[in-house]
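Given next are the chains, with one letter for each unit.
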Amino acid sequence: MLLILDRHRRRDWHLTRARELFDRAMASAWDGEHGGMVYGIDPDGRFYDEDTYFRVQAESLAAAALLAGRMHEAGDEAAAARCWHEYERLWAYSRAHFVDHQHGAWYRILSRDNRQYSDEKNPAGKVDHHTMGACYEALSVAR
């Protein structure tokens, strides 16, 4: 969100803080055993809600792409490459576990070991704004 705000009103601290938040999230919420970003961590950095939610993966991959683009603009190619690496890791996880390749859309919630709780996607009347928004943001950088 900081980098979207930054498009309209650029401030140096937006990029600095976005990078800090992203790095902290990837370090503390990425599940090194099963993949994906877990939903909740406690103040001590332990997982307390180990499920993975589609919206967390989507928002994280959008953040990775936006951050990669801004790091490139700032001339920090090493940081941009690291962000693209995280983007690819998040997409690979999401494609493998969340995307319903037969019927479309993304499953909503998976257990820590990537089991679906149900075939449910977003309920009727609610759009897939997290996944669509993430794709839009990533494409805006990839151009």
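1. What about the overall build of the chain?
- Per the secondary structure count, the chain includes five helices and three strands.
- Secondary structure elements of the chain occur, N-terminal to C-terminal, as α-α-β-β-α-α-β-α.
- In terms of overall dimensions, the chain is globule-like: its C-alpha atoms have a radius of gyration of 15 Å, near the 15 Å expected for 143 residues.
- For the C-alpha atoms alone, the extent of the chain along its principal axes is close to 45 × 35 × 25 Å.
- Pairs at least 24 residues apart make up 48% of the contacts formed inside the chain by residues separated by at least 6 positions.
- Total accessible area on the chain is roughly 8300 Å²; 53% of this is exposed by carbon and sulfur atoms.
- Side chains of the chain carry 19 positive and 23 negative charges; the gap between the two charge centres is 5 Å.

2. Description of the packing of helix 2 (residues 12-29) against helix 3 (residues 54-73)
- Look at helix 2 against helix 3: their axes get within 11 Å of each other, and the N-to-C directions meet at 135°. One way to sum up the angle between helix 2 and helix 3 is to call them oblique. Read as a crossing pair, helix 2 and helix 3 show a hand that is left-handed. Residues Leu-15, Ala-18, Arg-19 and Phe-22 of helix 2 form the contact with helix 3, whose participating residues are Ser-60, Ala-63, Ala-64, Leu-67, Arg-70 and Met-71.
- For the contact of helix 2 with helix 3, a count of residues per class yields seven nonpolar, one polar and two charged.

3. Some thoughts on the packing of aromatic side chains
- Under the definition given, this model contains six aromatic pairs.
- Centroid distance Trp-30 to Tyr-93: 6.1 Å. Interplanar angle 75°. Geometry classified as edge-to-face. Of the two residues, Trp-30 is situated in the loop between helix 2 and strand 1 (38-41) and Tyr-93 in helix 4 (residues 77-97); the sequence distance between them amounts to 63 residues.
- On the accessibility criterion, Trp-30 (14% relative accessible area) is buried.
- Residue class for Tyr-93 comes out buried when judged on its relative accessible area of 6%.
- Geometrically, the ring pair formed by Tyr-93 and Phe-98 is edge-to-face, given 5.9 Å between the ring centres and 65° between the ring planes.
- These aromatic residues form a ring-pair network of at least three members: Trp-30, Trp-91, Tyr-93, Phe-98 and Trp-106.

4. Some points on the sheet that holds strand 3 (residues 109-110)
- Pairing is antiparallel in the open sheet, where three strands are placed in the order 1-2-3. Of all strands in the sheet, those bounded by a partner on one side alone are strand 1 and strand 3.
- Seen against the sheet, helix 3 touches strand 1 and strand 2 (47-53) and runs at an angle of roughly 80° to strand 2.

5. So, the packing of helix 3 against helix 4
- With their axes 8 Å apart at the nearest point, helix 3 and helix 4 run at an angle of 160° to one another. In terms of orientation, helix 3 and helix 4 fall into the roughly antiparallel class. The handedness of the crossing between helix 3 and helix 4 comes out as left-handed. Between helix 3 and helix 4, the contacting residues are Gln-57, Ser-60, Leu-61, Ala-64, Ala-65, Leu-67, Ala-68, Met-71 and His-72 on the first element and Glu-77, Ala-79, Ala-80, Cys-83, Trp-84, Glu-86, Tyr-87, Leu-90, Trp-91, Tyr-93 and Ser-94 on the second.
- Along the lines of polarity and charge, the residues of the contact of helix 3 with helix 4 split into 14 nonpolar, four polar and two charged.

6. Examining the pairing of strand 1
- Here strand 1 runs beside strand 2; their pairing, made up of three bridges, is antiparallel. Paired with Gly-40 across the bridge in strand 2 is Asp-49.
- The hairpin formed by strand 1 and strand 2 contains five residues between the paired strands, and Gly-45 there has a positive phi angle of roughly 85°.

About the criteria used
Residues numbered from 1 in each chain as written. Predicted model: local features only at pLDDT ≥ 70, side-chain atom pairs only at ≥ 80, totals over all residues. Heavy atoms only, no water. Helix = DSSP H or I, 4+ residues; strand = E, 2+ residues; numbered from the N terminus. Rg over C-alpha atoms; globule rule 2.2 N^0.38 Å. Contact = heavy atoms within 4.5 Å. Areas by Shrake-Rupley, 256 points an atom, 1.4 Å probe, with all protein chains shown as cover. Lys, Arg positive; Asp, Glu negative; His and termini not counted. Charge placed at Lys NZ, Arg CZ, Asp CG, Glu CD. Axes fitted to C-alpha atoms, helices over the stretch in contact; angles between N-to-C directions. Parallel < 35°, antiparallel > 145°, perpendicular 65-115°, else oblique. Left-handed = near helix turned anticlockwise from the far one by under 90°. Nonpolar A, V, L, I, M, F, W, Y, C, P; charged D, E, K, R; others polar. Phe/Tyr/Trp six-rings, centres within 6.5 Å; stacked < 30°, edge-to-face > 60°. Buried < 20%, exposed > 50% of the residue type's maximum accessible area, 1.4 Å probe, protein only. Pairing = 2+ DSSP bridges.

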